[in-house]
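Spelled out, the chains give:
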Amino acid sequence: FNALSKNIGKIAIQDYWGLALLLSTGVRKMELYAAQWSEFDLDNGAWHLPAERTKSRRRFTQPLAPQTIEWLLQVKAYSGNSNYLFPSRKKGKSDNTHVCENTVNHSCLKLKKEGKIPWSEFDPHSLRHTCRSLLSKLKVPTDVAERYINHSFVGLKKVYDNHDYFEERREAADQLADILAPLIDKNNLFRK
């Protein structure tokens, strides 16, 4: 995020906040980039992903830490009146479409090619891996961490454990945001 913040302009501010949201929520890239504002209950700190937009094809509610809500409000400042968090940026496209699946990938690739991002293996999906690893580092129990990134249980656990771990995931979201916020939103640099 230090490298990204130094290159705002080469990477869109919307992409910066999108990457922050990918890291803090652990969702898959297009679950975020195709998200609509109607899925969010910011007053209660929850994001309700509809079943048709999740890999597991089941509805998923992700708790949102206060810092994550702040980052969403930054995205809102740039999304205008669009229904989408990340509306298409192409001229002539209507507000009823979201950014292309590869938009943020291209931004990151450009920075990598210019040597602005020091990790050759970095791509937006890497943030999902990083999120899960940080949950382990925070000693979040495995079942909670797996549910946090919307992984399904397997075997008998899938049959017998139907608990959604929402409150436990909310606590994990808060812990994760506490360690991410100083890195992502350093000195409120990008407040619109």
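What counts and what doesn't
- Residues numbered from 1 in each chain as written.
- Predicted model: local features only at pLDDT ≥ 70, side-chain atom pairs only at ≥ 80, totals over all residues.
- Heavy atoms only, no water.
- Salt bridge = Lys/Arg side-chain N within 4 Å of Asp/Glu carboxyl O.
- Helix = DSSP H or I, 4+ residues; strand = E, 2+ residues; numbered from the N terminus.
- Buried < 20%, exposed > 50% of the residue type's maximum accessible area, 1.4 Å probe, protein only.
- Pairing = 2+ DSSP bridges.
- Contact = heavy atoms within 4.5 Å.
- Axes fitted to C-alpha atoms, helices over the stretch in contact; angles between N-to-C directions.
- Core = buried A, V, L, I, M, F, W, Y, C linked by side-chain atoms within 4.5 Å.

**Some details on the pattern of salt bridges**
This model, assessed by the stated rule, comprises four salt bridges. Close ionic contact of glutamate 114 with lysine 10 constitutes a salt bridge, the shortest N to O distance being 3.1 Å. Linking glutamate 114 in the loop between helix 5 (103-113) and helix 6 (126-137) with lysine 10 in the loop between helix 1 (2-5) and helix 2 (13-25), this pair joins segments that are 104 residues apart in sequence. For lysine 10, a relative accessible area of 37% corresponds to the partly exposed category. The partner of glutamate 31 in a salt bridge is arginine 28, with the nearest N and O atoms 3.5 Å apart. Here the two residues glutamate 31 and arginine 28 agree in accessibility, since each one is buried.

**Quick word on the sheet that holds strand 3 (residues 60-63)**
Strand pairing in a sheet relies on backbone hydrogen bonds. The paired strands run either parallel or antiparallel. The antiparallel open sheet is built from three strands, whose spatial order is 1-2-3. Only two strands of the sheet have a single neighbouring strand rather than two, namely strand 1 (40-41) and strand 3. With four bridges joining them, strand 2 (residues 46-49) and strand 3 adopt antiparallel strand pairing. From the neighbouring strand, histidine 48 faces strand 3, where its bridge partner is threonine 61. Contacts from helix 9 (residues 166-184) reach strand 2 and strand 3, with the element oriented near 40° to strand 3.

**Quick notes on the nonpolar core**
Grouped together as the largest cluster of nonpolar side chains are 51 residues, with contacts concentrated most on Leu19, Leu32, Leu85 and Ile184. Broken down by secondary-structure element, the contributors of at least two residues to this core are helix 2, helix 3 (29-33), strand 2, helix 4 (66-79), helix 5, helix 6, helix 7 (142-148) and helix 9. If one sorts the elements of this core by residue count, helix 2 sits on top with eight residues. Sequence-distant contacts of leucine 19, defined by excluding residues within four places in its chain, comprise Phe1, Leu4, Ile11, Tyr33, Val104, Cys108, Pro124 and Leu127.

By themselves, these observations are geometric and do not establish any function.
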